[in-house]
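Coordinate analysis (summary)
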Amino acid sequence: MKRLHLTAYFKLLPLVGVLLLASCTTVIKPDARTTQYTTDKKIHLRVALNLTDELRNAKWEQRALTGGGTIMAVGPALAEDAPGFASSTFTDVVEINNGSPPAKPVDATLTPKMAFIGITYGQTMFSQDTITLKLEWTLADPTGNALWADTVTGLGKSRGGFAKDLKLALEDAFRKSQETMESSQAIQQFVAKKYPDLKQ
């Protein structure tokens, strides 16, 4: 009887291993970013960068039918990279959390939000997958009125795996965000109104 029990036990071990493997969740984090910004034409504004819990917790998630799945944890990287982006784009930046009052007076509040993230899989095993990341930005005056808003799309595509693709998508989104803000007529008009003596 004991021998039968042992035989059944050893037969079940592979099945248990498969179930445990199937129920595991893989978390993908982006590789370290080295985004290159222009710093010679900063926007002359004192800005509060509003980092929210929604941004920090942003992720892409795909669940398997057997349990477990894949998660791309992009939120922490967005919150980590946003201050460097802001300080390279505006002349004066202070960070705030979830809309809290800034420690010093500011001209406007800049709030980033992940609007979308998705994967387009290559059609063959030799094709490259593409990660698409959309960043939504809102610039509001101290009373909360929106001065400018736009959504910027970043793309990440390589043969280095999802971690590298995600890194490239983040770098692309932040780089394009700077270009979009620096060329925005609405932001330029606000600066001209706020600082009329400033030479553009």
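Everything numeric here is computed off the predicted structure, so don't read it as measured data. (Residues numbered from 1 in each chain as written. Predicted model: local features only at pLDDT ≥ 70, side-chain atom pairs only at ≥ 80, totals over all residues. Heavy atoms only, no water.)

The description of an aromatic ring pair uses the distance of the two centres, along with the angle that the planes make with each other. Counting across every chain of the model gives 5 aromatic pairs. Aromatic side chains Tyr 121 and Phe 162 sit 6.4 Å apart centroid to centroid with 70 degrees between the ring planes, which places their arrangement in the edge-to-face category. Separated by 41 residues along the polypeptide, Tyr 121 in the loop between β6 (108–120) and β7 (130–140) and Phe 162 in helix α4 (residues 162–182) bring together distant segments of the chain. Through a chain of ring-to-ring contacts, the aromatic side chains of Tyr 37, Phe 85, Trp 137 and Phe 174 assemble into a single cluster. (Phe/Tyr/Trp six-rings, centres within 6.5 Å; stacked < 30°, edge-to-face > 60°. Helix = DSSP H or I, 4+ residues; strand = E, 2+ residues; numbered from the N terminus.)

Glancing now at the confidence of the model for the protein. Summing up the model confidence of the protein, the mean pLDDT is 88 and the portion of residues at 70 or higher is 88%. For the stretch residues 1–22, pLDDT sits under 50, and the model shows 3 contacts to residues farther than four places along the chain or on other chains. (pLDDT = per-residue confidence, 0-100. Contact = heavy atoms within 4.5 Å.)

Now for the environment of Leu 110. Note that Leu 110 resides in strand β6. Leu 110 sits 61 residues away from Leu 49 along the chain, and the two C-alpha atoms are 5.0 Å apart. Apart from residues no more than four positions distant in its own chain, Leu 110 is found in contact with Val 47, Ala 48, Leu 49, Asn 50, Phe 85, Phe 90, Trp 137, Thr 138, Leu 139 and Met 181.

Here we have 5 strands laid out as an open sheet, ordered β5-β2-β6-β7-β8, and mixed in their pairing. Of all strands in the sheet, those with a lone pairing partner are β5 (90–97) and β8 (146–157), marking the two edges. For this sheet, the mean inter-axis angle between neighbouring strands, taken without regard to orientation, is 25 degrees. Where β6 meets β7, 11 bridges bridge the pair, whose relative direction is antiparallel. Bridge pairing links Met 114 to Leu 135 in β7. Against the sheet, helix α3 (residues 75–89) makes contact with β2 (43–51), β5, β6 and β7, and its axis sits at roughly 150 degrees relative to β5, the strand it touches most. Relative to β2, helix α5 (residues 185–194) is tilted by about 115 degrees, and along the sheet it contacts β2, β6, β7 and β8. (Pairing = 2+ DSSP bridges. Axes fitted to C-alpha atoms, helices over the stretch in contact; angles between N-to-C directions.)

Under the definition given, this model contains 12 salt bridges. When the shortest N-O distance is used, the salt bridge between Arg 33 and Glu 80 registers 3.7 Å. Taken together, the residues Arg 33 in the loop between β1 (25–28) and β2 and Glu 80 in helix α3 connect sequence positions 47 residues apart. Arg 33 gets classed as buried once you look at its relative accessible area, which sits at 19%. Glu 80 sits in the exposed class, given a relative accessible area of 58%. (Salt bridge = Lys/Arg side-chain N within 4 Å of Asp/Glu carboxyl O. Buried < 20%, exposed > 50% of the residue type's maximum accessible area, 1.4 Å probe, protein only.)

Formed by 40 residues in total, the largest nonpolar core has its most connected members in Leu 45, Leu 78, Leu 110, Ile 117, Trp 137, Phe 174 and Met 181. Of all the elements in the fold, those that place two or more residues in this core are β2, α3, β6, β7, β8, α4 and α5. (Core = buried A, V, L, I, M, F, W, Y, C linked by side-chain atoms within 4.5 Å.)

In space, the 3 strands of this open sheet follow the order β1-β4-β3, with mixed pairing throughout. The strands lining the two open edges of the sheet, one partner per strand, are β1 and β3 (59–63). Going across the sheet, the axis of each strand differs from the next one's by a mean of 10 degrees, ignoring polarity. Bridge count between β3 and strand β4 (residues 69–73): 5 bridges; the pairing is antiparallel. Looking across to β4, one finds that Arg 63 is bridged to Gly 69.

Attention shifts here to the environment of Gly 118. Considering the arrangement of structural elements, one finds Gly 118 in strand β6. Overall, the relative accessible area of 10% leaves Gly 118 in the buried class. With 14 residues separating them in the primary sequence, Gly 118 and Thr 132 have C-alpha atoms 5.3 Å apart. Dropping the residues within four chain positions of it, Gly 118 is found in contact with Trp 60, Thr 130, Ile 131 and Thr 132.

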